[in-house]
Amino acid sequence: MNRLLPGPRVALGLIGLLTFSGWAAAWDLTCPLDETFPPAIGITPQDPPEWAVPDGGDPSFEDRLIELVNQERWTNGQLPPLKRVDLLDTSSEIHSANMAGRNFVMHCDPDTGTWPWDRMVAAGYNYSSAAENIAWGYPDPEAVIAGWMASSGHRANILSSSYRELGNGYFNENGDTGNVRRTTTSSCTPNVFNEGPFFRYWTQNFGRRDSVYPVVINREAWVTESRDVDLYLYGGWSELRLRNESGAWTDWQPFAADTPWQLSPGNGTKTVTAEMRSGATVVSATDTIILEGYSEIVFIDGFESGNTSAWSAVSP
């Protein structure tokens, strides 16, 4: 599944999953539109669950979700990490909000007739390859990832080598009601009505742009306590060079997809830029990470230690 998308005629399908906490659906890019799929099944909480929801502090559910996806990719074959992209966050967030606000759980928006590829392009993401996972009812990123990884369709999307980039959208509808629509077919017309309330709505948009070669710091971790990080660089280039923020470039060096690097000193948001080249073709990419809790230790001569010239450590 998950072939390249030649255009809006590519087929979609739904795959259902029943677990302790919700249902998940994925779209299948190889099946004709008139083919049916296993019916989507789920659970309806009786009352709004007392699930912990981030209070606006970081990391958010969406921050955590990208980390978990890349952990699964590492655990299952040390696959390259996916780069989080704002455009795919936007298309995912809009769909989760629309599902919650207009009471449906479908890849096709039954009110507008728009499919995942429509939402990605509308957000400004002009894909070469794309896929989508959606889910309802899961309380947190750990639960929804467990659900998706237990379903062959979602798992295939998460572990696919067809994509380089990812966006996540989570929406919490505390006032959700029992009038949710969905479909058990691959059409844009719901045939199941008045389900729910589901309260929690999740969307993942996967993508690849053939002309974009991301750099990913520490497998897209949200924060690091060390200046020493690992970079993953996409492509099969001849050479690369790197820099922090607007600092000096390194010399050109042989390209390696996995490259160690050291961030600039001081806590805060850090930016790494990579340039990669083969012949006359040069591409660039950037990524950011938060350096937090790092302390630069400087050793000075301690002449107050019984005249022993012992060394003592201070933090500037």
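In this text, all values refer to a predicted model and were calculated from it rather than measured experimentally.

A. The sheet that holds strand 3 (residues 104-105), seen in detail. Judged by pairing direction, the sheet is mixed, and its 3 strands sit side by side in the order 3-6-7 without closing on themselves. In the strand order of this sheet, the two ends are held by strand 3 and strand 7 (192-195), each with one partner. Note: strand 6 (residues 180-182) against strand 7, 2 bridges, orientation antiparallel. Residue pairing for strand 7: Arg-182 is matched across the bridge by Val-192.

B. Structural context of the packing of aromatic side chains. Summed over all chains, the structure comprises 8 aromatic pairs. Their ring planes at 65° and their centres at 4.9 Å tell us that Phe-61 and Tyr-170 sit as a pair that is edge-to-face. Linking Phe-61 in helix 1 (residues 61-75) with Tyr-170 in strand 5 (residues 165-172), this pair joins segments that are 109 residues apart in sequence. The exposure class assigned to Tyr-170 is buried, which follows from its relative accessible area of 15%. Relative to Trp-237, the ring of Tyr-213 lies with its centre 5.0 Å away and its plane at 85°, an arrangement referred to as edge-to-face. Taken together, the residues span a long stretch of sequence, with Tyr-213 in the loop between strand 8 (200-208) and strand 9 (215-217) and Trp-237 in the loop between strand 11 (228-233) and strand 12 (239-244) at a distance of 24 residues. A relative accessible area of 21% means that Tyr-213 is categorised as partly exposed. Look at Trp-237 and you get buried, because its relative accessible area is 13%. Each member of the aromatic cluster is reached from another via a ring pair, and the members are Phe-61, Tyr-170 and Trp-202. Above the face of the Trp-249 ring, Arg-241 is positioned so that its terminal group lies 4.4 Å from the ring centre. A cation sits over an aromatic face here: Arg-277 above Trp-252, 3.9 Å from the ring centre.

Analysis parameters
Residues numbered from 1 in each chain as written. Predicted model: local features only at pLDDT ≥ 70, side-chain atom pairs only at ≥ 80, totals over all residues. Heavy atoms only, no water. Pairing = 2+ DSSP bridges. Helix = DSSP H or I, 4+ residues; strand = E, 2+ residues; numbered from the N terminus. Phe/Tyr/Trp six-rings, centres within 6.5 Å; stacked < 30°, edge-to-face > 60°. Buried < 20%, exposed > 50% of the residue type's maximum accessible area, 1.4 Å probe, protein only. Lys NZ or Arg CZ within 6 Å of the ring centre and 35° of its normal.

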